[in-house]
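Each chain, written out:
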Amino acid sequence: MYVNYPILSFFIFQTSSRKRKMEIIKKFKLGKLKLDYTKLLIEKAILARKNAYVPYSKFKVGAAIITNNNKIYGGFNIECSSYSPTNCAERTALFRAVYDGHRNFKAIAVVGGKESESCPLFSYTPPCGVCRQMLREFCHPLYFKIILAKSVDDFKIFTLDELFPLSFGPENLK
Ligand code: THU
């Protein structure tokens, strides 16, 4: 049921007890992402971060998202003098992929830190609320992985559902 009917299975998952959720996660190996993808995505995110346009915050973020058919798109944050139009690295990567026609994604890696910092970075940079909501538009909460990294050897992996539980998404409007 999980594989064939992801939306229905997501509703079942959301209403399950914590114990049942853990069983489901274990059964479908949701916590695991092939290590080669993980390292590659982190490398691409680190590379993307280099060109971040951050004259105001001086905080550079890089992201790399992988589609279901293994295409990788990098992105970085692009700031604006009137602040609110600023686009985060995650959304830059996602929008580039969506522009190219992709609608299904497996994972995103995110790296961030002060302009002066290079790898290994001091801390993990979790996606902001707006980015989590935007990822929710295209990515399955249970299957999509968010990789927070300080370097290729230091990272944590979460599902979108873990970072954005009880979320509102496209199926709520059906
Ligand atoms: N930023 C990102 O690019 N991604 C996040 O998830 C967190 C925040 C950017 C936005 C802004 O350019 C800078 O980091 C400081 O908030």
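Residues numbered from 1 in each chain as written. Predicted model: local features only at pLDDT ≥ 70, side-chain atom pairs only at ≥ 80, totals over all residues. Heavy atoms only, no water.

## Some thoughts on the site of the ligand
For clarity, the cut-off: Proximity is defined per residue: any heavy atom of the residue falling within 4 Å of a molecule or strand makes that residue near it. Under the rule applied, a polar contact is a pair of N or O atoms within 3.5 Å (in protein, one hydrogen donor and one hydrogen acceptor; residues adjacent in sequence only if both atoms are side-chain atoms). To measure how exposed things are, a 1.4 Å probe is used in the Shrake-Rupley method; for residues, cover is taken only from the protein chains shown. Numbering of helices and strands runs from the N terminus; a helix is a DSSP stretch of H or I covering at least four residues, while a strand is a stretch of E covering at least two. Any residue outside Ala, Val, Leu, Ile, Met, Phe, Trp, Tyr, Cys, Pro, Asp, Glu, Lys and Arg is labelled polar, Gly included; the first ten of those are nonpolar and the last four are charged.
Around the ligand sit Ser 57, Phe 59, Val 61, Asn 77, Glu 79, Thr 86, Cys 88, Ala 89, Glu 90, Pro 126, Pro 127 and Cys 128, and those are all the residues in its vicinity. The contact in question runs from an oxygen atom of the ligand to an N or O atom on the side chain of Asn 77, over 2.9 Å. Pro 126 places a main-chain nitrogen or oxygen 3.5 Å from an oxygen atom of the ligand. For the ligand, whose accessible area on its own is 370 Å², the fraction buried by protein is 78%. At the level of elements, strand E1 (59-67) and helix H4 (89-99) are the ones that each hand at least two residues to the shell around the ligand. Classifying every residue of the shell around the ligand by side-chain character gives seven nonpolar, three polar and two charged.

## Here we look at the pairing of strand E5 (residues 154-159)
What counts here: We treat two strands as partners when DSSP finds at least two bridges between them.
Where strand E4 (residues 145-151) and E5 come together, six bridges link them in antiparallel fashion. Residue pairing across strands places Lys 145 opposite Thr 159, the latter belonging to E5. Hairpin connection of E4 to E5: two residues between the antiparallel strands.

## Topic: the pattern of salt bridges
A side chain of one charge can pair with a side chain of the opposite charge if their charged atoms are brought near each other. The condition is simple: Whenever a carboxyl oxygen of Asp or Glu lies within 4 Å of a side-chain nitrogen of Lys or Arg, that contact is scored as a salt bridge. Exposed residues in this analysis have more than 50% of their type's maximum accessible area, buried residues have under 20%, and partly exposed residues fall in between, with area computed by a 1.4 Å probe over protein chains only.
Here the structure, examined in full by the defined rule, presents two salt bridges. Salt-bridge contacts for Asp 153 lead to Lys 39; the nearest nitrogen and oxygen are separated by 3.2 Å. With a gap of 114 residues between them, Asp 153 in the loop between E4 and E5 and Lys 39 in helix H3 (residues 35-49) connect regions that are remote in the sequence. On the accessibility criterion, Asp 153 (62% relative accessible area) is exposed. Arg 136 is the salt-bridge partner of Glu 171, the closest N and O atoms lying 2.4 Å from each other. With Glu 171 in the segment after helix H6 (160-163) and Arg 136 in helix H5 (residues 129-138), the pair connects residues that are 35 residues apart, well separated along the chain.

## Digging into the sheet that holds E5
Selection criterion: Axis definition: a line fitted to C-alpha atoms, over the contacting stretch in the case of helices. Angles run 0 to 180 degrees between N-to-C directions. Two residues qualify as a contact provided that any one of their heavy atoms is within 4.5 Å of a heavy atom in the partner residue.
In spatial order, the strands read E2-E1-E3-E4-E5; together these five strands make up an open sheet with mixed pairing. Only two strands of the sheet have a single neighbouring strand rather than two, namely strand E2 (72-76) and E5. Averaged over all adjacent pairs, the angle separating strand axes in this sheet is 20°, with direction ignored. Sitting on the sheet, H4 is in contact with E1, E2 and strand E3 (105-114), with an inclination near 140° to E2.

## With respect to the environment of Asn 69
Position of Asn 69 among the secondary structure elements: in the loop between E1 and E2. What makes Asn 69 partly exposed here is its relative accessible area of 47%. Along the chain, Asn 69 and Asn 104 lie 35 residues apart, while their C-alpha atoms are 8.3 Å from each other. At 2.6 Å, the side chain of Asn 69 forms a polar contact with the side chain of Thr 67.

## Quick word on H5
For clarity, the threshold we go by: Arc definition: it is the arc formed by the directions from the helix axis to the C-beta atoms.
Among the residues of H5, those classed as buried are Cys 131, Arg 132, Leu 135 and Arg 136. Buried residues of H5 fall within an arc of 145° about the axis and therefore sit on the same side.

## Regarding the confidence of the model for the chain
Worth spelling out the cut-off: Confidence scores per residue from the predictor, reported as pLDDT, run from 0 to 100.
Looking at the chain, pLDDT values average 89 and 80% of them are 70 or higher. The model gives residues 1-8 a pLDDT under 50, and that stretch makes 15 contacts with residues more than four places away or in other chains.

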